[in-house]
Amino acid sequence: MKPYLIQQATGLRLDDIYRYTLSQWDKQQAEHYIRGLFEQFDNIAAQTTFSRPIPAEFGVDGFFSRYEHHIIYWKTLSTGQVGIVTVLHKKMHQIERFKEDFTFNQVPIEKS
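Nothing here was measured: the structure is a model prediction, and the numbers come from that model. (Residues numbered from 1 in each chain as written. Predicted model: local features only at pLDDT ≥ 70, side-chain atom pairs only at ≥ 80, totals over all residues. Heavy atoms only, no water.)

1. Comments concerning the confidence of the model for the chain
Then comes step 1: In the predicted model, the chain carries a mean pLDDT of 86, and the fraction of residues at 70 or more is 79%.
Then comes step 2: Averaged over each element, pLDDT in the chain is lowest for strand 6 (residues 109-111) (55) and highest for helix 2 (residues 27-45) (97). (pLDDT = per-residue confidence, 0-100. Helix = DSSP H or I, 4+ residues; strand = E, 2+ residues; numbered from the N terminus.)

2. A look at the pairing of strand 3 (residues 63-67)
Then comes step 1: Bridging between strand 2 (residues 52-53) and strand 3 involves 2 bridges; their strand directions are antiparallel. The partner of proline 53 across the bridge, within strand 3, is phenylalanine 63.
Then comes step 2: Two elements, strand 3 and strand 4 (residues 70-76), share 5 bridges in a ladder whose sense is antiparallel. Across the sheet, the residue bridging to arginine 66 is isoleucine 71, located in strand 4.
Then comes step 3: What sits between the antiparallel neighbours strand 3 and strand 4 is a turn of 2 residues, in which glutamate 68 has the positive phi angle 45 degrees. (Pairing = 2+ DSSP bridges.)

Below, the structure written as structure tokens:
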């Protein structure tokens, strides 16, 4: 499996997803959903899941993949690794939030 990097904005979004799921359901469901997202990150890095190019109106090169109620935005980094840029709920205004997260201070978190 190829390693991937989680950008700082993604880490913040994952925290939000966990807290929201915990408040709406319970700890077990919150942990289950976060584990599922990380499994999807693994699948993206291993190229075993379906991804589409990000639409031109976003103004960036990259891809997106769905996981249940969320959309995972990612790009190929200059190192060849996958960079998970952000994870947004399907009901969020995608272009606005994506641009915020894409330009956010992109400090990667290593995942091997």
